[in-house]
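# Residue-level structural notes
Each chain is listed here by its residues.
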There are 2 protein chains.
Amino acid sequence: MGKPHDSLIPGTLNVLILKALSQGALHGYAISKWIQQASEDVLRVEEGVLYPALHKLEKERWLRAEWGVNDTGRRAKFYSPTPLGKRKLQAEVARWKRSSQAVSTVLDAEEA
Amino acid sequence: MGKPHDSLIPGTLNVLILKALSQGALHGYAISKWIQQASEDVLRVEEGVLYPALHKLEKERWLRAEWGVNDTGRRAKFYSPTPLGKRKLQAEVARWKRSSQAVSTVLDAEEA
DNA sequence: GGTGATACATAGGTAACATAGGTATCGCCC
DNA sequence: GGGCGATACCTATGTTACCTATGTATCACC
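Just so we're clear, the structure is a prediction, and the values are computed from it rather than from any experiment.

### Some thoughts on the pattern of salt bridges
Residues and elements named next belong to chain B. Applying the stated rule across the entire model yields eight salt bridges over all chains. Asp41 is paired through a salt bridge with Arg44; the nearest N and O atoms lie 3.2 Å apart. By relative accessible area, which is 37% here, Asp41 ends up partly exposed. Looking at Arg44, the relative accessible area reads 39%, which means it is partly exposed. Note that Glu92 is salt-bridged to Arg95, the shortest N-O span being 3.3 Å. With Glu92 and Arg95 both in helix H4 (residues 83-108), this residue pair falls three residues apart, about one helical turn. Judged by relative accessible area, which is 34%, Arg95 ranks as partly exposed.

### Regarding the packing of helix H2 (residues 28-38) of chain B against helix H3 (residues 47-59) of chain B
Residues and elements named next belong to chain B. It is at 10 Å that the axes of H2 and H3 come closest, and there the two elements cross at 120°. Accordingly, the angle class assigned to the pair H2 and H3 is oblique. As for how H2 packs across H3, the hand of that crossing is right-handed. Of the residues in H3, those in contact with Gly28, Tyr29, Ile31 and Ser32 of H2 are Glu47, Leu50, Tyr51 and Leu54. Class assignment for the residues of the contact of H2 with H3 results in five nonpolar, two polar and one charged.

### Some points on the interface of chain A and chain B
Taken together, the contacts link 35 residues of chain A with 35 residues of chain B. Carbon and sulfur atoms supply 71% of the area that chain A and chain B bury against each other, a total of about 3100 Å² over both sides. Inspection of the region where chain A meets chain B yields zero salt bridges. Linking chain A with chain B are six residue pairs in polar contact (both at pLDDT 80 or more). If you list the elements that add at least two residues to the side of chain A that touches chain B, you get helix H1 (13-20), helix H2 (28-38) and helix H4 (83-108) of chain A. Counting residues per element, the side of chain A that touches chain B draws most heavily on H4 of chain A, which supplies 14 residues. Residue composition of the side of chain A that touches chain B, grouped by class: 19 nonpolar, eight polar and eight charged.

### A few points about the nonpolar core
By size, the foremost hydrophobic cluster in this structure holds 63 residues, and its most contacted members are Ile17, Ile31 and Leu63 of chain A together with Ile17, Ile31 and Leu63 of chain B. Going through the elements one at a time, H1, H2, helix H3 (47-59) and H4 of chain A together with helix H1 (13-20), H2, H3 and H4 of chain B are the ones with two or more residues in this core. Setting aside its immediate chain neighbours within four residues, Ile31 of chain B contacts Ile17, Ala20, Leu21, Leu26, Leu50 and Leu54 of chain B.

### A short note on the sheet that holds strand S2 (residues 63-69) of chain A
Residues and elements named next belong to chain A. Read from one edge of the open sheet, three strands run S1-S3-S2, paired in antiparallel fashion. Each edge of the open sheet carries a strand with a single partner, namely strand S1 (26-27) and S2. Here S1 pairs with strand S3 (residues 75-81) via two bridges, running antiparallel. Paired with His27 across the strands is Phe78, a residue of S3.

### Focus on the side chain of Gln36 of chain B
Tracing the backbone through its elements, the reader meets Gln36 of chain B in helix H2. Apart from residues lying up to four places away in sequence, Gln36 of chain B is in contact with Asp41, Val42, Leu43 and Arg44 of chain B.

### Regarding the relation of the copies chain A and chain B
Taken as rigid bodies, chain A and chain B are interconverted by a rotation of 180° and an axial shift of 0.0 Å, the fit giving an RMSD of 0.0 Å. Those values place the two copies in the arrangement expected of a two-fold rotation axis. For chain A, the minimum C-alpha distance to the rotation axis belongs to Pro10 of chain A and amounts to 2.8 Å. Interface overlap between copies is the fraction of interface residues in one copy that are interface residues in the other; for chain A against chain B it reaches 100%, indicating a shared surface.

Reading guide: rules and limits
Residues numbered from 1 in each chain as written. Chains lettered and ligands numbered in written order. Predicted model: local features only at pLDDT ≥ 70, side-chain atom pairs only at ≥ 80, totals over all residues. Heavy atoms only, no water. Salt bridge = Lys/Arg side-chain N within 4 Å of Asp/Glu carboxyl O. Buried < 20%, exposed > 50% of the residue type's maximum accessible area, 1.4 Å probe, protein only. Helix = DSSP H or I, 4+ residues; strand = E, 2+ residues; numbered from the N terminus. Axes fitted to C-alpha atoms, helices over the stretch in contact; angles between N-to-C directions. Parallel < 35°, antiparallel > 145°, perpendicular 65-115°, else oblique. Left-handed = near helix turned anticlockwise from the far one by under 90°. Contact = heavy atoms within 4.5 Å. Nonpolar A, V, L, I, M, F, W, Y, C, P; charged D, E, K, R; others polar. Buried area = accessible area lost by both parts, 1.4 Å probe. Polar contact = N/O pair within 3.5 Å; in protein donor to acceptor, adjacent residues only side chain to side chain. Core = buried A, V, L, I, M, F, W, Y, C linked by side-chain atoms within 4.5 Å. Pairing = 2+ DSSP bridges. Least-squares fit on C-alpha atoms with pLDDT ≥ 70 in both.

Below, the structure written as C-alpha cells:
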C-alpha cells in the first residue's frame, strides 16, 4: 500500500476540488467525476482519497458542506467554497502555474 | 515541520535530479544549485531533502556515485545516471508532461 | 436475486518533503 | 588570528498527503 498507480500529482488535489466547485456546489461523488471528465480521464480521485480531503478542507474552512438531494432524488452532501476557499483557489492556481512552469522549464532545458 | 514553504512540487524531485545529470556527472551541491538556477530561482532543493533523495536513487540503481574532486580541488561525491536511470528520465518526463498538462487543463476549464 | 452505479465513510500503510540540526574545508577580510 | 560566508556532506524527526482496502446503503435494471 501507499504508493502505486500515481494518478494524482501530490499537492494538487485541493486546488482541483476548489476548481470543481468554482461554478457551484457539488457533492463528493460528482466532484470526483468532474475532475476525471475535465482531465479527459487522466486524473482519477479515488473515494478513499477524496472524502478525507473534503473533510479536511471543511475543517479548515475552505469549504462548507450541506446535506441535500441530487437530481435523481438521492441524498448527498453538497460542498461550496467559503470566501476563504475562493481566495485560496486564486492563490493555489497561481502557485501551480508558477511551480509547474518552473519544472517544465527545467525539464526542457538543453544543457545541464 | 513538514509542510511550510512548498518550494517543490512533491514527486518531481527525482526527475529534476535525473535531468540535472543528463549532460554529465555532478555532485550533490552542484545539482542543488543547477536546479535552482535552471528554474530561475523558483525551485530550491534544501540539502536535507536532496541528500536522502540521492541516497535512495543510488540504492535503487537509478544513479551511481563516485567520490572525486571538483574544480576547486575539494572532495565531492559525483553522481551519474545508470542505464536504468536514463530510461527512467524519459519515462518520468513523459509522465510529468501528461499529468501536469491534465492539471493545467482542469484549472483552465471554463465551466465546472 | 444479482449486478453495477451512485454516494458516503474509515483504517492502515508508506513515501516524500520540511525543518533543524550537525561536521568539515576553504577563501576572504579585518 | 578570528570571524564569516560559501561550499560540501550528512542524519533525525515531524507531518502531510496520498494509496489501498474495506465497509455501509440505496437505486435501477435485468
